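# Inside the fold
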Amino acid sequence: MGNLRHSPVLDGVFPDGPDTVLLHPAVTARRWRRRQIAAAVRPGTVLKGLVGAAVVGFALVAGNGFAGKFIFTAVVLIVALAGWRATCVAREGRGPHGDTPGTRLRRGEGWRSRDFADLGADTARLVRELLAGVDELHRTPARAWIDPALPGEAHRVVWQTLCCLDRSRDARALAEELATDPDAGEDLVAAARQAVTTIDHGLGEVARHLHGCLLLTRAWEAKLRRTDLTHRTGNVLAALPGHDHLRRLTQAAEVLPQNVFAHVTAARDVTQAGEFPWERPSTEWPRLTLVPPHRATAPRGAGGPAGEGSS
């Protein structure tokens, strides 16, 4: 639907629980926002506002004394709190989407997925798939690359399909009645079943074609994601340091140990501190141990876990 800012498929909380609704193609965004505002403003809030306005007017007429200023301040505070409460109520009535309905749907204003739950599990599942398909077509990133009128056309087709499905209720009820009536002829039973089968076949065809649109948009979404990942990967890899830069860093780091070695050996010679361990024969190198040299080891049997075990 092109006249709503987002998708015409909305999630809402209704008296019988949460559900998904498909709005009528003729419902404009302005009309729906007006309904939302009207639902958020309760009669009690309006009454408080009128009483506050009346008291403010009385305070202004009464004079500019302390009593008039006190009444004026109190009424302004009450009106502000009432407005804040109305805003909180409006936010609490919303669902996952910002335009989620919080009021009852008027007749003909929208189809809920629960409206077709009595027509069987398969039909109810197809209805949910149709609503999900319309919603996806309106929200897909590929929408900028397809015909701008296509989501609205899909909305109109699905809406009319659900209308046809609703009109088939009498035929379905009649088919069930004829199937259990021994006096009904085979021709009546066959005609009723054929009518219901035709409706179900048309519903399935609409769902199949809508699914074809989704397959195409999803394939293009994958291309868009691939292009975006390729672009991001190229940018990230281009920002990495090159081989020449790493080589210069390695060369700069290579002279650091040589510099330190020159200074410490010179300091050793000046202070006569003696040879370094690596300058002695390998047989005189200190034996490696798992205990750090700065940690003193307790004598065997002097206490601790070893001492306790030996006692």
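Read on for a plain summary of the structure. (Residues numbered from 1 in each chain as written. Predicted model: local features only at pLDDT ≥ 70, side-chain atom pairs only at ≥ 80, totals over all residues. Heavy atoms only, no water.)

Within the protein chain, the regular secondary structure consists of 9 helices and 3 strands. Sequence-ordered secondary structure for the protein chain, helices as α and strands as β, is β-β-α-α-α-β-α-α-α-α-α-α. Out of the 311 residues in the protein chain, the part that is buried amounts to 25%. Long-range contacts, defined here as pairs at least 24 residues apart, represent 69% of the contacts in the protein chain between residues at least 6 apart. Here the protein chain displays about 21800 Å² of accessible surface, and carbon together with sulfur accounts for 61% of that area. (Helix = DSSP H or I, 4+ residues; strand = E, 2+ residues; numbered from the N terminus. Buried < 20%, exposed > 50% of the residue type's maximum accessible area, 1.4 Å probe, protein only. Contact = heavy atoms within 4.5 Å. Areas by Shrake-Rupley, 256 points an atom, 1.4 Å probe, with all protein chains shown as cover.)

Let us now look at the packing of helix α5 (residues 150-167) against helix α6 (residues 169-180). It is the contact of α5 with α6, at a shortest axis distance of 4 Å, that shows an interaxial angle of 35 degrees. Touching Leu165, Asp166 and Arg167 of α5 are Arg169, Asp170 and Arg172, all from α6. Residues of the contact of α5 with α6, tallied by class, amount to 1 nonpolar, no polar and 5 charged. (Axes fitted to C-alpha atoms, helices over the stretch in contact; angles between N-to-C directions. Nonpolar A, V, L, I, M, F, W, Y, C, P; charged D, E, K, R; others polar.)

Before going further, it helps to examine the pairing of strand β1 (residues 9-14). Relative to strand β2 (residues 17-23), β1 runs antiparallel, the two being bridged by 6 bridges. Bridging from a neighbouring strand, Phe14 pairs with Gly17 of β2. Linking β1 to β2, which pair antiparallel, is a turn of 2 residues. (Pairing = 2+ DSSP bridges.)

It is worth spelling out α5 at this point. End to end, α5 covers 26 Å across 18 residues, agreeing with the expected 26 Å (1.5 Å per residue, within 8%). Within the span of α5, buried status applies to Pro151, Ala154, His155, Val158, Trp159, Thr161, Leu162 and Leu165. One side of α5 holds all its buried residues, which, seen down the axis, span an arc of 160 degrees. Contacts from the buried residues of α5 go to β2, β3 (110-112), α4 (121-139), α6 and α7 (186-238). (Expected span 1.5 Å × (residues − 1). Arc of directions from axis to C-beta.)

Okay, the nonpolar core next. Counting 21 residues, the largest nonpolar core has Leu22, Phe116, Leu130, Val158, Leu162 and Leu210 as its most contacted members. At the level of secondary structure, the elements contributing two or more residues to this core comprise α4, α5 and α7. Per-element tally for this core: the top contributor is α4, with 6 residues. Apart from residues no more than four positions distant in its own chain, Phe116 is found in contact with Trp111, Ala124, Val127, Leu162, Leu165, Asp166 and Arg169. (Core = buried A, V, L, I, M, F, W, Y, C linked by side-chain atoms within 4.5 Å.)

Further remarks concern α6. Taking 1.5 Å per residue, 12 residues should reach 16 Å; α6 reaches 17 Å between its end C-alpha atoms and fits that length. Turning to α6, its buried residues are Arg172, Ala175 and Leu178. Around the axis of α6, the buried residues are gathered within 130 degrees of arc, so they sit on the same side. Among the exposed residues of α6, those pointing more than 90 degrees away from its buried face are Asp170, Glu176 and Thr180. For α6, the secondary structure elements touched by its buried residues are α4, α5 and α7.

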